[in-house]
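# Coordinate inspection notes
Each chain, written out:
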Amino acid sequence: GDKGHALILRIQPGYGANVPHPDDPFTLEMFATEAADTAHRLRDLAWIWQVGNEVNIRDENLRWNPATSLYDGARWEPSPEEYAATYLAVRDAIHSITPEVGPGRQIVLMQPVSPGGATGETGFEARYFDGYEFLYRQIRAIEDHSKIDGFALHGYAQPGGANFGVDGYMDSIREQIMIIESLGLGDRPIFVTEFNKHMPNADEAAIGAHFLVDAYDAMAQWNAGTGGGSFVDSSIPNANIIGATWFVYN
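The structure contained in this document is the topic of the report that follows.

Thresholds, definitions, all that
Residues numbered from 1 in each chain as written. Predicted model: local features only at pLDDT ≥ 70, side-chain atom pairs only at ≥ 80, totals over all residues. Heavy atoms only, no water. Helix = DSSP H or I, 4+ residues; strand = E, 2+ residues; numbered from the N terminus. Rg over C-alpha atoms; globule rule 2.2 N^0.38 Å. Contact = heavy atoms within 4.5 Å. Areas by Shrake-Rupley, 256 points an atom, 1.4 Å probe, with all protein chains shown as cover. Lys, Arg positive; Asp, Glu negative; His and termini not counted. Charge placed at Lys NZ, Arg CZ, Asp CG, Glu CD. Phe/Tyr/Trp six-rings, centres within 6.5 Å; stacked < 30°, edge-to-face > 60°. Buried < 20%, exposed > 50% of the residue type's maximum accessible area, 1.4 Å probe, protein only. Pairing = 2+ DSSP bridges. Axes fitted to C-alpha atoms, helices over the stretch in contact; angles between N-to-C directions. Core = buried A, V, L, I, M, F, W, Y, C linked by side-chain atoms within 4.5 Å. Left-handed = near helix turned anticlockwise from the far one by under 90°. Nonpolar A, V, L, I, M, F, W, Y, C, P; charged D, E, K, R; others polar. Right-handed = clockwise from strand over helix to strand, strands pointing away.

## Quick notes on the overall build of the protein chain
If you tally the helices and strands in the protein chain, you get 5 helices and 6 strands. When the helices and strands of the protein chain are read in sequence order from the N terminus, they spell out β-α-β-α-β-α-β-α-β-α-β. Taking 250 residues into account, the globule formula puts the C-alpha radius of gyration at 18 Å, and the protein chain, at 18 Å, falls close to it. Referenced to the eigenvectors of the C-alpha coordinate spread, the extents of the protein chain come out at roughly 50 × 40 × 35 Å. Residue pairs in contact within the protein chain that sit at least 24 positions apart in sequence constitute 69% of those at least 6 positions apart. Put simply, the protein chain shows about 12300 Å² of open surface, and 53% of that area lies on carbon and sulfur atoms. Each charge sign in the protein chain was given a centre, from 16 positive and 34 negative side chains, and these centres are 3 Å apart.

## Examining the packing of aromatic side chains
Applying the stated criterion across every chain, the model contains 9 aromatic pairs. Residues phenylalanine 26 and phenylalanine 31 carry aromatic rings whose centres are separated by 6.3 Å and whose planes lie at 50° to one another, so their mutual orientation is tilted. The class for phenylalanine 26 is buried, based on a relative accessible area of 13%. Classification of phenylalanine 31 as buried rests on a relative accessible area of 2%. Arranged with centres 5.6 Å apart and planes meeting at 85°, the rings of tyrosine 169 and phenylalanine 211 form a pair that is edge-to-face. Here tyrosine 169 is found in helix α4 (residues 166-182), whereas its partner phenylalanine 211 is found in helix α5 (residues 202-224), with 42 residues between them in sequence.

## Topic: the sheet that holds strand β6 (residues 241-246)
The parallel open sheet is built from 6 strands, whose spatial order is β1-β2-β3-β4-β5-β6. The open sheet has two edge strands with one neighbour each: β1 (7-11) and β6. Along the sheet, successive strands turn relative to each other by an average axial angle of 30°, direction set aside. Pairing geometry for strand β5 (residues 190-196) and β6, over 4 bridges, is parallel. The residue of β6 that forms the bridge with valine 192 is alanine 244. Those strands touched by α5 are β5 and β6, and its axis lies near 160° from that of β5.

## Structural notes on the nonpolar core
Among the nonpolar cores identified, the biggest contains 54 residues, and Ile139, Phe151, Tyr169 and Phe195 are the most heavily contacted of them. Considering every element that reaches this core, the biggest residue donor is α4, with 7 residues. Sequence-distant contacts of phenylalanine 195, that is, excluding residues within four places in its chain, are made with Gly155, Tyr156, Tyr169, Phe211, Leu212, Ala215, Tyr216, Met219, Ala244, Thr245, Trp246 and Phe247.

## Digging into the packing of helix α1 (residues 28-41) against helix α2 (residues 80-95)
Between α1 and α2, the least distance of the axes is 8 Å, while the angle of their chain directions is 35°. Crossing hand, α1 versus α2: right-handed. Where α1 abuts α2, its residues Leu28, Phe31, Ala32, Ala35, Ala36 and Ala39 lie against Ala85, Thr86, Ala89, Val90, Ala93 and Ile94. Its residues placed into classes, the contact of α1 with α2 shows 11 nonpolar, 1 polar and no charged.

## Thoughts on the pairing of strand β2 (residues 46-51)
Of all the 6 residues making up β2, 5 are buried; the element is thus mostly covered by neighbouring parts of the structure. Of the pairings in the sheet, the one linking β1 to β2 comprises 5 bridges and is parallel in character. Across the sheet, the residue bridging to isoleucine 8 is isoleucine 48, located in β2. Following the chain from β1 across α1 to the adjacent parallel β2, one finds a crossover that is right-handed.

## Focus on the environment of phenylalanine 129
Along the chain, phenylalanine 129 turns up in the loop between β3 (107-110) and α3 (131-140). Along the backbone, phenylalanine 129 and alanine 118 are 11 residues apart, and their C-alpha atoms lie at a distance of 4.8 Å. Setting aside chain neighbours within four positions, we find phenylalanine 129 in contact with Asn56, Pro80, Gly116, Ala118, Phe134 and Arg137.

Purely spatial values, then, with no claim about function.
Okay, here's the thing in structure tokens:
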């Protein structure tokens, strides 16, 4: 719009599914075809896409269940390389409709990992794969880096951490950006498509209010700084965070 705002739409095979399982009826080729069709139908509304979401979490990878015709079947654990193949197929399919869109281009973002180490647990939030290693390997798996348009990142306040949890949050964001820059992709747009803190009660909500204000300030300072994410030259500007959306879940 006139303010320079744009939608970012997340695209997946289904809720709770990111990478088509090789034995499921909905194939990667079908996913890519439907992604292009979606981009065509929404061409007047959106041109920034996030392919998948926190693939390194177990409950984000459910298989198709023929009994219910839903993605509520068995869990499986896609590798970073399997995600990369999915990203590449969907990215190329979406780019095929680029001549039809107003901005003249599509930006297809690699999925945001759940940052942090593998937990060894089985619950909803359990990570079966270290988030930082997953990010590194999903990038490395794509030989032609010109086909990586940008990145979505997630980060949350460090529970009980300094500065209302902002310090731990920024440590996580910086670590992810430094991985991206170390692989020569510091010029790609970065969008933080989820950030917040756990707020189970009024006291934590008050801390959360401080966190949100101070986190935006910390990200603005990062964007204005140099050297924080560069392994080459301390005078190089930090890779910019283009936008950040605070996320609330009941």
